[in-house]
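Now for the letters of each chain:
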Amino acid sequence: MITLETFYDKVKERYETLQPEDIVREQEQFLYQTTSEAEKLVSLGNGQQFFLQEEALKQLCGRYEIPFRFFQRMPASLKNLTLNHFIQNNPKSRSFLRIVKGNSVRAILSEHYTPFDDVLLFNIVTRLFENTPVEIEWNSLTPKSSYCRILLPETETEIKKGDVVRIGLNISNSEIGMRAVRIEALIYRLICSNGLIVP
């Protein structure tokens, strides 16, 4: 079981590694290209290449209602033809791109999308519980989402003999549009081997 400060350090480390940058661009400024090595968007202005992570490519296909599993089975020439047809025939359509590590696209979403970074979220949470004993019962940082379950040991109560509960919070977020920030109160039963949660 790690501390909240340790979890926040993990979040900061990932943020510093990814070095995210958000840009909004007209879609027709890009040309899609696929090779045996990579899927990418190439800027028609300066030739800069942005390499698409799988989730970003899924989101790009989703914007044009192209089934992703079907798209994956297409030959490269048909992939290029299909996506570029839609990209170039949607005038004045703008997209939000989250760029990481300089030239890797982590997400492609609506121009109106505003991410809430994990580093900001868990900075707020860490400061909120600065003077309160807490335990991180479970945590996960995945490419798509972040999760953290916080328990408050000082709230521990025996509701009946041998049945002890604690109050806590489930916190989840996605920086790439998979989910909104969610903070849910919970009651955690210690009697269960996997900790029954009552929201």
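Residues numbered from 1 in each chain as written. Predicted model: local features only at pLDDT ≥ 70, side-chain atom pairs only at ≥ 80, totals over all residues. Heavy atoms only, no water.

1. So, the overall build of the chain
Turning to step 1, where the next piece is worked out: Along the chain, the regular secondary structure elements total 5 helices and 11 strands.
Turning to step 2, where the next piece is worked out: Relative to the 2.2 N^0.38 estimate, which gives 16 Å for 199 residues, the radius of gyration of the chain is 21 Å and therefore markedly larger than a compact globule would have.
Turning to step 3, where the next piece is worked out: Expressed as lengths along the three principal axes of its C-alpha atoms, the size of the chain is roughly 70 × 30 × 30 Å.
Turning to step 4, where the next piece is worked out: The 199 residues of the chain split such that 40% are buried.
Turning to step 5, where the next piece is worked out: When contacts within the chain are restricted to residue pairs at least 6 apart in sequence, those whose partners lie at least 24 apart make up 54%.
Turning to step 6, where the next piece is worked out: If you sum the accessible surface of the chain, you get close to 11300 Å²; carbon and sulfur atoms cover 52% of it.
Turning to step 7, where the next piece is worked out: Taken together, the 24 basic and 25 acidic charged side chains of the chain have centroids lying 6 Å from each other. (Helix = DSSP H or I, 4+ residues; strand = E, 2+ residues; numbered from the N terminus. Rg over C-alpha atoms; globule rule 2.2 N^0.38 Å. Buried < 20%, exposed > 50% of the residue type's maximum accessible area, 1.4 Å probe, protein only. Contact = heavy atoms within 4.5 Å. Areas by Shrake-Rupley, 256 points an atom, 1.4 Å probe, with all protein chains shown as cover. Lys, Arg positive; Asp, Glu negative; His and termini not counted. Charge placed at Lys NZ, Arg CZ, Asp CG, Glu CD.)

2. Here's the deal with the environment of tyrosine 113
Turning to step 1, where the next piece is worked out: On the secondary structure map, tyrosine 113 appears in the loop between β6 (104-110) and α5 (118-128).
Turning to step 2, where the next piece is worked out: Tyrosine 113 sits 106 residues away from phenylalanine 7 along the chain, and the two C-alpha atoms are 26 Å apart.
Turning to step 3, where the next piece is worked out: Leave out the neighbours within four places in its chain, and tyrosine 113 touches Phe96, Ser174, Glu175, Ile176 and Gly177.
Turning to step 4, where the next piece is worked out: At a separation of 3.5 Å, a polar atom in the side chain of tyrosine 113 contacts the main-chain carbonyl oxygen of serine 174.
Turning to step 5, where the next piece is worked out: Of the polar contacts made by the side chain of tyrosine 113, one reaches the backbone oxygen of glutamate 175; its length is 3.3 Å. (Polar contact = N/O pair within 3.5 Å; in protein donor to acceptor, adjacent residues only side chain to side chain.)

3. Observations regarding a nonpolar patch on the surface
Turning to step 1, where the next piece is worked out: The grouping of Phe116, Leu120, Ile124, Val181 and Ile183 at the surface amounts to a nonpolar patch, some 400 Å² of accessible area in total.
Turning to step 2, where the next piece is worked out: With respect to the helices and strands, the residue phenylalanine 116 is situated in the loop between β6 and α5.
Turning to step 3, where the next piece is worked out: The exposure class of phenylalanine 116 is partly exposed, given its relative accessible area of 32%. (Patch = residues over 30% accessible without salt bridge, like charges linked within 9 Å, V, L, I, M, F, W, Y side chains within 5 Å. Salt bridge = Lys/Arg side-chain N within 4 Å of Asp/Glu carboxyl O.)

4. So, the side chain of arginine 106
Turning to step 1, where the next piece is worked out: Looking at where arginine 106 falls in the secondary structure, it is placed in strand β6.
Turning to step 2, where the next piece is worked out: The exposure class of arginine 106 is buried, given its relative accessible area of 6%.
Turning to step 3, where the next piece is worked out: At 2.7 Å, the side chain of arginine 106 forms a polar contact with the side chain of glutamate 175.
Turning to step 4, where the next piece is worked out: Those residues in contact with arginine 106 that lie beyond four places of it in its chain are Arg14, Leu18, Gln53, Glu55, Ala56, Gln59, Arg98, Val100, Thr142, Pro143, Glu175 and Ile176.

5. What to know about the packing of aromatic side chains
Turning to step 1, where the next piece is worked out: Counted according to the given criterion, the structure contains 6 aromatic pairs.
Turning to step 2, where the next piece is worked out: A ring pair is formed by phenylalanine 96 and tyrosine 113, whose centres lie 5.4 Å apart and whose planes are at 70 degrees; its orientation type is edge-to-face. With phenylalanine 96 in strand β5 (residues 94-100) and tyrosine 113 in the loop between β6 and α5, this residue pair connects regions lying 17 residues apart in the sequence.
Turning to step 3, where the next piece is worked out: Relative accessible area serves as the criterion here: at 4%, phenylalanine 96 is assigned to the buried category.
Turning to step 4, where the next piece is worked out: The exposure class assigned to tyrosine 113 is partly exposed, which follows from its relative accessible area of 21%.
Turning to step 5, where the next piece is worked out: With centroids separated by 5.7 Å and ring planes inclined at 40 degrees, the aromatic side chains of tryptophan 138 and tyrosine 147 adopt a geometry described as tilted.
Turning to step 6, where the next piece is worked out: Accessibility expressed as a relative area gives 38% for tryptophan 138, which makes it partly exposed. (Phe/Tyr/Trp six-rings, centres within 6.5 Å; stacked < 30°, edge-to-face > 60°.)

6. Some thoughts on the pairing of strand β2 (residues 30-34)
Turning to step 1, where the next piece is worked out: Side-chain alternation along β2 places Phe30, Tyr32 and Thr34 on a buried face and Leu31 and Gln33 on a face that remains uncovered.
Turning to step 2, where the next piece is worked out: Looking at chain direction, β2 and strand β3 (residues 39-43) are connected through 5 bridges and run antiparallel. For glutamine 33, the partnering residue across the bridge sits in β3 and is lysine 40.
Turning to step 3, where the next piece is worked out: Between β2 and β3, which pair antiparallel one after the other, the connecting turn spans 4 residues. (Pairing = 2+ DSSP bridges.)

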